[in-house]
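Topology and contacts: notes
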Amino acid sequence: MRLCELREKDVINVCDCKSLGCVVDIIVDMCSGCVEAIIVPGPCQVWGLFGHDSEFVIPFECICKVGPDIILVEINEEKCLHKCKS
(Lines give C-alpha, C1' and ligand atoms only; values in the text may rest on other atoms or scores of the structure.)
Protein backbone atom coordinates (compact mmCIF):
# COMPACT_ATOMS: atom_id res chain seq x y z
CA MET A 1 0.00 0.00 0.00
CA ARG A 2 1.27 3.48 -0.83
CA LEU A 3 1.32 6.50 1.47
CA CYS A 4 -1.11 8.33 -0.83
CA GLU A 5 -3.62 5.50 -0.26
CA LEU A 6 -3.15 5.70 3.52
CA ARG A 7 -3.79 9.47 3.47
CA GLU A 8 -7.32 8.86 2.19
CA LYS A 9 -8.27 6.68 5.17
CA ASP A 10 -9.84 7.97 8.38
CA VAL A 11 -8.13 6.75 11.58
CA ILE A 12 -10.57 5.57 14.28
CA ASN A 13 -9.65 4.76 17.88
CA VAL A 14 -11.58 1.60 18.84
CA CYS A 15 -11.31 2.44 22.57
CA ASP A 16 -13.79 5.32 22.28
CA CYS A 17 -14.87 5.14 18.59
CA LYS A 18 -13.43 8.63 18.07
CA SER A 19 -12.14 9.76 14.68
CA LEU A 20 -8.55 11.01 14.98
CA GLY A 21 -8.23 12.28 11.41
CA CYS A 22 -6.28 11.08 8.39
CA VAL A 23 -2.68 9.88 8.11
CA VAL A 24 -0.27 12.70 7.20
CA ASP A 25 3.04 10.83 7.43
CA ILE A 26 4.69 7.55 8.40
CA ILE A 27 7.87 6.62 10.26
CA VAL A 28 9.95 3.94 8.55
CA ASP A 29 12.90 1.97 9.94
CA MET A 30 15.57 2.67 7.33
CA CYS A 31 17.46 -0.58 8.04
CA SER A 32 14.54 -2.98 7.73
CA GLY A 33 12.20 -0.87 5.59
CA CYS A 34 9.32 -1.63 7.97
CA VAL A 35 6.73 0.93 9.04
CA GLU A 36 7.24 1.82 12.71
CA ALA A 37 4.38 4.30 13.17
CA ILE A 38 1.77 6.43 11.44
CA ILE A 39 1.33 10.13 12.20
CA VAL A 40 -2.08 11.80 12.46
CA PRO A 41 -2.59 15.52 13.28
CA GLY A 42 -3.68 16.17 16.85
CA PRO A 43 -6.55 18.35 18.01
CA CYS A 44 -6.75 21.91 16.65
CA GLN A 45 -5.77 24.94 18.68
CA VAL A 46 -8.24 27.69 19.62
CA TRP A 47 -11.55 26.74 17.94
CA GLY A 48 -9.73 25.10 15.03
CA LEU A 49 -8.46 28.42 13.68
CA PHE A 50 -4.72 28.16 14.21
CA GLY A 51 -3.85 24.67 13.03
CA HIS A 52 -2.34 21.84 15.04
CA ASP A 53 0.37 22.10 17.68
CA SER A 54 0.48 18.36 18.37
CA GLU A 55 0.24 15.06 16.56
CA PHE A 56 -0.62 11.45 17.30
CA VAL A 57 2.35 9.12 16.72
CA ILE A 58 0.64 5.72 16.54
CA PRO A 59 2.96 2.69 16.74
CA PHE A 60 2.42 0.02 14.09
CA GLU A 61 1.58 -2.52 16.82
CA CYS A 62 -1.49 -0.43 17.77
CA ILE A 63 -3.05 -0.76 14.31
CA CYS A 64 -5.86 -3.31 14.57
CA LYS A 65 -7.12 -3.33 10.99
CA VAL A 66 -6.69 -1.46 7.73
CA GLY A 67 -9.93 -1.44 5.76
CA PRO A 68 -10.89 0.07 2.42
CA ASP A 69 -11.97 3.39 4.03
CA ILE A 70 -10.67 3.42 7.61
CA ILE A 71 -7.78 2.37 9.82
CA LEU A 72 -8.74 1.00 13.24
CA VAL A 73 -6.25 1.65 16.04
CA GLU A 74 -6.28 0.90 19.75
CA ILE A 75 -4.42 3.64 21.60
CA ASN A 76 -4.36 5.69 24.77
CA GLU A 77 -4.55 9.16 23.24
CA GLU A 78 -2.54 10.84 26.02
CA LYS A 79 0.40 8.46 25.48
CA CYS A 80 0.43 8.88 21.69
CA LEU A 81 -0.08 12.66 21.58
CA HIS A 82 3.19 14.55 21.08
CA LYS A 83 3.92 18.25 20.63
CA CYS A 84 5.03 19.18 17.12
CA LYS A 85 8.65 20.25 16.81
CA SER A 86 9.09 23.85 15.68
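Check the entry above for the structure.
So, a few notes on the structure that sits alongside this text. Because the structure is predicted, anything quoted here is derived from the model rather than measured.

Scoring rules and cut-offs
- Residues numbered from 1 in each chain as written.
- Predicted model: local features only at pLDDT ≥ 70, side-chain atom pairs only at ≥ 80, totals over all residues.
- Heavy atoms only, no water.
- Pairing = 2+ DSSP bridges.
- Helix = DSSP H or I, 4+ residues; strand = E, 2+ residues; numbered from the N terminus.
- Axes fitted to C-alpha atoms, helices over the stretch in contact; angles between N-to-C directions.
- Core = buried A, V, L, I, M, F, W, Y, C linked by side-chain atoms within 4.5 Å.
- Buried < 20%, exposed > 50% of the residue type's maximum accessible area, 1.4 Å probe, protein only.
- Contact = heavy atoms within 4.5 Å.

**With respect to the sheet that holds strand S2 (residues 18-22)**
- Reading across from one edge, S2-S1-S7-S6 is the order of the four strands in this open sheet, with mixed pairing throughout. Looking at which strands have only one partner, the edges of the open sheet turn out to be S2 and strand S6 (63-66). Averaged over all pairs of adjacent strands, the angle between their axes in this sheet comes to 25 degrees, without regard to strand direction.
- Sheet topology places strand S1 (residues 10-13) next to S2; four bridges connect them, and they run antiparallel. Residue pairing across strands places Asn13 opposite Lys18, the latter belonging to S2.

**Considerations on the nonpolar core**
- By size, the foremost hydrophobic cluster in this structure holds 13 residues, and its most contacted members are Val11, Leu20, Phe56, Ile58, Ile71, Val73 and Ile75.
- Breaking this core down by element, the ones donating at least two residues are strand S4 (35-41), strand S5 (54-59) and strand S7 (70-73).
- Residues within four places of Phe56 in sequence aside, it is in contact with Leu20, Ile38, Ile39, Val40, Pro41, Gly42, Pro43, Ile75, Glu77, Cys80 and Leu81.

**Focus on the pairing of S5**
- Pairing of S4 with S5, which is carried by five bridges, proceeds in the antiparallel orientation. Across the sheet, the residue bridging to Ile38 is Ile58, located in S5.
- In this sheet, strand S8 (residues 81-83) lies alongside S5 in antiparallel orientation, the contact comprising three bridges. Each residue of the ladder has a partner; that of Glu55, found in S8, is His82.

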